[in-house]
Amino acid sequence: MIVVLHPQCTPDQQEAVLQRIREAGLVPHLSQGVLRTVIGVIGDDRTKEQLRTMLEAMDGVERVVKVLQPYKLVSREFQPHTTVVPVGPVRIGGPEVVLIAGPCSVESRDQILQAAQAVKQAGAVMLRGGAFKPRTSPYSFQGLEEEGLRLLAEARQATGLPVVTEVMDARQLELVLRYADMVQIGARNMQNYTLLREVGRARCPVLLKRGPAATLEETLLAAEYLLAEGNPHVALCERGLRSFDNHTRFLLDISAVPVLQRLSHLPVLVDPSQAAGKRQWVPPLARAAVAAGADGLLVEVHPDPERALSDGPQQLRPAEFAELVPQLRRVAQAVGRDLAATAAGAPV
Ligand code: PEP
Ligand code: MN
């Protein structure tokens with residue numbers, strides 16, 4: 001349930017409400033908006049029902065609202081304004097559309113440095129690259145692991161671009177966080193609840209991908225694990241669903257963008273690359289995602305995709321990405337937004 005405080009609620013009254021919730025053995029989550037402060041109350045339903053009448057009678061409380069959806073902290077009801085996830089100088093969820101680009105996997109020093117320079121020059125504001133790769137086959141390239149993380153940090157140093165990289169297992173989290181600015185929870189791990197809890201406790205920026213067979217409600221409940229552990233810095237990412245047609249690798253669910261944005265205050269990104277499977281479909285899907293209101297894109301760009309160790313066919317060449325960015329800017333402007341600019345002052 002949500003406790004909506006009066007605009008004139010004093011700090012003492014607010015503290016008394018928080019205290020009463022804690023005394024009942026429930027966990028309060030404070031959300032301070034521009035116009036309103038609300039407190040989300042999470043815990044056993046019966047206890048909440050008993051507490052409800054008490055809270056309604058307290059000074060400083062305007063009303064107490066029951067949240068009907070199974071997800072609570074991620075819902076728009078709980079927080080009317082969109083969450084802005086800060087990643088270094090980048091703001092995901094603000095008025096500007098954030099372009100994150102880079103190779104599927106980090107493969108070598110030259111490869112990641114070239115990719116980082118190229119995507120920055122084209123207009124990306126964050127670098128992506130996998131060091132721990134979730135591969136369908138155990139015989140495929142599994143990523144450079146810590147060496148890959150080190151190279152990502154070097155690419156950040158060279159370009160000023162914050163980096164996002166996947167963490168596949170809770171045991172890798174500490175290591176990944178030594179190097180990364182944002183961790184990606186991949187589509188295959190969206191319902192790895194142990195990992196979600198650990199990343200929730202770490203309170204680092206998280207890019208949570210929707211599973212290829214996950215409903216929007218399941219996706220929001222996965223995000224709820226992160227917020228319930230105290231991590232509000234979560235961005236969702238649509239990357240395509242399992243479907244019956246094989247012309248694309250996954251079926252990009254564009255409708256997930258407006259629907260998730262309606263149901264939740266978390267920013268919503270789109271990864272057109274994993275969905276497309278082939279580079280020729282990436283630009284139209286990317287443009288569609290921005291037109292639908294996506295808060296950002298995650299695009300795979302490789303300096304030499306023919307030689308890529310993973311996802312070669314879907315990775316754009318730097319020149320193709322450079323051609324796409326101005327189109328995305330025009331689409332963003334057509335829907336009342338713009339592309340986020342590269343961090344000022346960072347060397348290219
Ligand atoms: C990736 O980003 O390279 C990746 C493996 O993504 P997903 O988890 O969406 O398949
Ligand atoms: Mn990939």
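What counts, and where the lines are drawn
- For every chain, the first residue of the written sequence is number 1, and numbering continues from 1 onward in sequence order.
- Here every chain gets a letter starting at A, and every ligand a number starting at 1, in the order they are written.
- Thresholds applied to this predicted model are a pLDDT of at least 70 for local features of residues and 80 or more for the giving and counting of side-chain atom pairs; totals over whole chains, interfaces and linings are not thresholded and use all residues.
- Based on all heavy atoms of the structure, the side-chain values leave hydrogens and waters out of the count.
- Only heavy atoms are used to decide nearness, and a residue is near a molecule or strand if one of them lies within 4 Å of it.
- N or O atoms within 3.5 Å of each other form a polar contact, as long as, within protein, one can give a hydrogen and the other can take it, and as long as residues adjacent in sequence are counted only when both atoms are side-chain atoms.
- Method for areas: the Shrake-Rupley scheme with a 1.4 Å probe, in which residue coverage is limited to the protein chains shown.
- Each residue is assigned to one class: nonpolar for Ala, Val, Leu, Ile, Met, Phe, Trp, Tyr, Cys and Pro, charged for Asp, Glu, Lys and Arg, and polar for all the others, Gly among them.
- Counted as salt bridges are all cases of a side-chain nitrogen of Lys or Arg within 4 Å of a carboxyl oxygen of Asp or Glu.
- Every helix listed is a DSSP run of H or I at least four residues long, and every strand listed is a run of E at least two residues long, numbered separately from the N terminus.
- Whether a residue is buried, partly exposed or exposed follows from its accessible area with a 1.4 Å probe, protein chains only, as a fraction of its type maximum: under 20%, in between, or over 50%, in that order.
- Residue ranges labeled as domains rest on an automatic or database domain assignment.

## Description of the site of ligand 1
Neighbouring ligand 1 are the residues Cys 104, Arg 128, Lys 133, Pro 134, Gln 184, Gly 186, Ala 187, Arg 188, Lys 209, Arg 239, Gln 274 and Glu 300. Between ligand 1 and Arg 188, the relevant distance is 2.8 Å, taken from an oxygen atom to a side-chain nitrogen or oxygen of the residue. For ligand 1, whose accessible area on its own is 290 Å², the fraction buried by protein is 97%. For the shell around ligand 1, the class distribution of residues is 3 nonpolar, 3 polar and 6 charged.

## As for the pattern of salt bridges
Where charged atoms from two side chains of opposite charge approach closely, those side chains can pair. Using the criterion set out here, one finds 24 salt bridges in the structure. The partner of Glu 174 in a salt bridge is Arg 178, with the nearest N and O atoms 3.9 Å apart. Placement of the pair is Glu 174 and Arg 178 together in helix H5 (residues 173-179), with a separation of 4 residues, close to one helical turn. Residue classification places Glu 174 among the exposed positions, given a relative accessible area of 60%. Put simply, Arg 197, Glu 198, Arg 201 and Glu 229 are held in one network by salt bridges that share partners.

## Topic: the domain arrangement of the chain
Domain boundaries assigned for the chain yield domain 1 (2-65) and domain 2 (85-339). Relative to domain 2, the C-alpha centre of domain 1 lies at a distance of 36 Å.

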